Amino acid sequence: MVVEEKEISQAVVARLPRYLRYLGELRDEGIERVSSQDLSDIMQVTASQIRQDLNTFGGFGQQGYGYNVDYLYDEIGKILGLNREYRLIIVGAGHLGQALVNYANFERRGFLFRGLFDNDPQVCGKKIRGITVRPMEELADFVRENQIDIAVLTIPKTSAVEVAEQLAACGIKGIWNFAHVDLRLPGHIQVENVHLSDSLMKLSYNLSERCGNHVQSGRDIQAGACGEENPHFNAG
């Protein structure tokens, strides 16, 4: 399906991987068709929102029939760019970098790790899942020679900006950034900044709300039935 050139809301884009994941589960269960209401019940998103999201890309359903699961799964995959392969490198061979390269599901989605880099001489030369850790001095040539599409940063924020700028100069197309800093690069380079602690703090907020344990202006968190006061947290 051809989608007209138009600005797509990032909120809509953020929901597409969820649609794909749930549709994949339905497909694995042998379910051939699904209605927007069925998806709504599974995903806890309103049926009207689902229809609106899918209509953004032209719509894929039929009145009275719903959506063909296989077709919708394939089309959303194409919209997300999953009908091609991407060559990736990871900069930072610590625990997070190693965990990412060891996650086989990325390869099944077409994200192929081609290189792993670190500035620690004791780490360089080691192999992780068959990939040799290379020194940072080899980064620029490797990116150019292997036509790397995406760089994954799992390094401290103190070096992330410099490394990102170096990658930009090498012609990298996208950066998946786990460093604790929001990268800002030229518009032709796509950057996805990921702050793992944000999700954890959102969970903390929801737990606090459920326990009636909000912080009031000028007051500390009070210990309650749901947890103890955090002695390291200073609200003021």
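Up top is the structure these notes are about.
Residues numbered from 1 in each chain as written. Predicted model: local features only at pLDDT ≥ 70, side-chain atom pairs only at ≥ 80, totals over all residues. Heavy atoms only, no water.

Engineer: Residues and numbers for helix α9 (residues 196-210), please.
Structural biologist: Two residues of an α-helix separated by three or four positions point the same way, owing to the 3.6 residues in each turn. The first and last C-alpha atoms of α9 sit 22 Å apart over 15 residues, in line with the 21 Å expected at 1.5 Å per residue. Just downstream of α9, Gly 212 is the residue with a positive phi angle, here 65°. (Helix = DSSP H or I, 4+ residues; strand = E, 2+ residues; numbered from the N terminus. Expected span 1.5 Å × (residues − 1).)

Engineer: Give me the lowdown on the environment of Ile 50, citing residues and values where you can.
Structural biologist: Mapping Ile 50 onto the fold places it in helix α3 (residues 47-55). Along the chain, Ile 50 and Leu 39 lie eleven residues apart, while their C-alpha atoms are 7.8 Å from each other.

Engineer: Tell me about the pairing of strand β6 (residues 131-135), and name the residues and values.
Structural biologist: In regular strands, side chains alternate between the two faces of the sheet. Of the strand pairs in this sheet, strand β4 (residues 111-118) and β6 are connected by three bridges, and their pairing is parallel. Bridging from a neighbouring strand, Leu 116 pairs with Val 133 of β6. In this sheet, β6 lies alongside strand β5 (residues 127-128) in antiparallel orientation, the contact comprising two bridges. From the neighbouring strand, Lys 127 faces β6, where its bridge partner is Thr 132. (Pairing = 2+ DSSP bridges.)

Engineer: Describe the nonpolar core, with residues and values.
Structural biologist: In terms of nonpolar packing, the biggest core is built from 22 residues, with Ile 89, Leu 139, Leu 153 and Leu 167 touching the most fellow members. Every element with two or more residues in this core is listed here: β3 (86-91), α7 (139-145), β7 (150-153) and α8 (157-169). Judged by nonpolar contacts, the second largest core, of 21 residues, contains Leu 20, Met 43, Val 45 and Ile 50. (Core = buried A, V, L, I, M, F, W, Y, C linked by side-chain atoms within 4.5 Å. Buried < 20%, exposed > 50% of the residue type's maximum accessible area, 1.4 Å probe, protein only.)

Engineer: So what's going on with α3? Which residues, and what values?
Structural biologist: The set of residues buried in α3 consists of Ala 47, Ile 50, Asp 53 and Leu 54. Mapping the buried residues of α3 onto a view down its axis gives an arc of 125°, with all of them on the same face. Its buried side turned inward, α3 meets α1 (10-28), α2 (36-43), β2 (67-68) and α4 (69-79). (Arc of directions from axis to C-beta. Contact = heavy atoms within 4.5 Å.)

Engineer: Can you tell me about the packing of aromatic side chains, naming the residues and giving the values?
Structural biologist: The tally for this structure, following the rule as stated, stands at seven aromatic pairs. Consider the rings of Phe 60 and Tyr 71, whose centres lie 6.2 Å apart with planes at 65°: the pair is edge-to-face. Of the two residues, Phe 60 is situated in the loop between α3 and β2 and Tyr 71 in helix α4; the sequence distance between them amounts to eleven residues. Judged by relative accessible area, which is 36%, Tyr 71 ranks as partly exposed. Relative to Phe 113, the ring of Phe 106 lies with its centre 6.0 Å away and its plane at 75°, an arrangement referred to as edge-to-face. Owing to a relative accessible area of 17%, Phe 106 belongs among the buried residues under this scheme. Accessibility expressed as a relative area gives 8% for Phe 113, which makes it buried. Taken together, the ring pairs in this structure connect Tyr 103, Phe 106, Phe 113, Trp 176 and Phe 178 into an aromatic cluster. Residue placement shows Arg 27 over the ring face of Tyr 73; its charged tip is 3.9 Å from the ring centre. (Phe/Tyr/Trp six-rings, centres within 6.5 Å; stacked < 30°, edge-to-face > 60°. Lys NZ or Arg CZ within 6 Å of the ring centre and 35° of its normal.)

Engineer: Kindly report on the side chain of Asp 118, identifying the contributing residues and their values.
Structural biologist: The topology assignment puts Asp 118 in strand β4. Put simply, Asp 118 is tucked away with no salt bridge, and the nearest opposite charge, on Lys 126, sits 10 Å away. Side-chain polar atoms of Asp 118 contact the backbone nitrogen of Asp 120, separated by 2.9 Å. Ignoring any residue separated from it by four or fewer positions in sequence, one finds Asp 118 in contact with Gly 92, Ala 93, Gly 94, Val 123, Cys 124, Val 133, Arg 134, Pro 135 and Met 136. (Lys, Arg positive; Asp, Glu negative; His and termini not counted. Salt bridge = Lys/Arg side-chain N within 4 Å of Asp/Glu carboxyl O. Polar contact = N/O pair within 3.5 Å; in protein donor to acceptor, adjacent residues only side chain to side chain.)

Engineer: Kindly report on the sheet that holds β3, identifying the contributing residues and their values.
Structural biologist: With respect to topology, seven strands assemble into an open sheet ordered β5-β6-β4-β3-β7-β8-β9, the strand pairing being mixed. Here the strands that pair on one side only, and so sit at the sheet edges, are β5 and β9 (190-193). Together, β3, β7 and β8 (174-177) form the strand contacts of α8, whose direction differs from that of β7 by roughly 170°. (Axes fitted to C-alpha atoms, helices over the stretch in contact; angles between N-to-C directions.)

Engineer: I'd like to hear about the pattern of salt bridges, residue by residue, with values.
Structural biologist: Scanning the entire structure with this criterion turns up eight salt bridges. Close ionic contact of Arg 15 with Asp 53 constitutes a salt bridge, the shortest N to O distance being 2.6 Å. Here the residue Arg 15 occupies a position in helix α1, and Asp 53 occupies one in helix α3, the gap between them amounting to 38 residues. For Asp 53, a relative accessible area of 1% puts it in the buried group. Here the salt bridges share partners, and the residues they tie into one network are Arg 84, Arg 87, Asp 149 and Lys 173.

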